[in-house]
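# Understanding the architecture of this molecule
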Amino acid sequence: MAFASSLLSAPVSRVRASIAPELAAFPPARMCVSLKAARRRGSRHGVRAEVNESGSILAVDALSQVKHVLLPVTDRNPYLSEGTRQAAATTASLAKKYGANITVVVIDDKPKESFPEHDTQMSSIRWHLSEGGFTEFGLMERLGEGRKPTAIIGEVADELELDLVVLSMEAIHSKHVDGNLLAEFIPCPVLLLPL
C-alpha cells in the first residue's frame with residue numbers, strides 16, 4: 001500500500017511510449033488478435049471470447065466450455081486420501097455445473113492382485129462421486145504398467161480429448177505425480193487443488 005501511494009499519475013498528454021534500445025532490433029509483435037482466432041485457440045482450452053460494447057475481447061467463464069473432466073486417483077488409500085476426496089468433490093461440482101462428463105483413471109505401479117483393498121477403493125470412488133450427483137462416469141484402470149503417473153494422465157487426456165484434469169496438490173507432494181512434467185505431458189488445463 002505504501003508503494004501504491006507513492007506513485008504519481010502523469011497527464012495523458014505527457015505520457016509517451018518508446019521502445020527500449022535493447023529491443024529495437026526485433027520486429028514489433030502483433031498486438032491484436034482477431035475474434036475468430038481467439039475463439040479458435042480458446043476452444044481447445046475451454047476459453048470463450050466475446051466482444052463487449054467497446055469492441056474489446058473479454059474472456060468469459062473459462063470453464064463454461066468444459067465437457068469432459070478427468071479425475072486421476074494415484075493414492076492407495078482404499079477410502080481415498082483427503083486430497084483425492086477433495087478432487088472428487090470438485091470434479092463432481094464442476095461437471096454438474098457445466099454439464100460435463102467425468103472419467104476416473106486409477107493409476108498404480110503395482111497390479112490389482114497385489115492390492116487386496118482394490119474393490120473397496122472402487123466402491124469409495126463410486127460413493128464419493130455419487131455424493132456429488134454422479135452415478136454414471138467412465139472408469140479406467142492403469143495398473144501394473146510400470147510407467148510414471150504423469151505420463152499416463154497425459155496419455156489418457158490426449159486419447160480422450162479431455163477439457164480439464166482435476167488433481168490435488170497432495171499427489172504432487174507425495175511424489176506420485178511430477179509437477180514439473182504436468183505442462184509437458186498434459187494437453188489440457190490442469191486444476192490443482194491446494195491441500
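Residues numbered from 1 in each chain as written. Predicted model: local features only at pLDDT ≥ 70, side-chain atom pairs only at ≥ 80, totals over all residues. Heavy atoms only, no water.

As annotated in an unreviewed UniProt entry, the chain is Universal stress protein from Urochloa decumbens.

We now examine the pattern of salt bridges. Opposite charge on two side chains makes pairing possible when the charged atoms of those side chains draw close. All chains considered together, the criterion is met by seven salt bridges. One salt bridge connects Arg76 with Asp108, and the closest N-O pair in it is separated by 2.9 Å. Of this pair, Arg76 sits in the loop between strand E3 (68-73) and helix H3 (82-98) while Asp108 sits in strand E4 (residues 101-108), and the two are 32 residues apart along the sequence. In this structure Arg76 comes out as partly exposed when scored by relative accessible area, which is 28%. The class of Asp108 is buried, set by a relative accessible area of 13%. (Salt bridge = Lys/Arg side-chain N within 4 Å of Asp/Glu carboxyl O. Helix = DSSP H or I, 4+ residues; strand = E, 2+ residues; numbered from the N terminus. Buried < 20%, exposed > 50% of the residue type's maximum accessible area, 1.4 Å probe, protein only.)

Okay, unusual backbone geometry next. Backbone geometry places Leu80, a non-glycine residue, at a positive phi of 70 degrees. Relative to the assigned elements, Leu80 resides in the loop between E3 and H3. Looking at Leu80, the relative accessible area reads 2%, which means it is buried. The phi dihedral of Glu161 falls on the positive side, at around 50 degrees, and the residue is not glycine.

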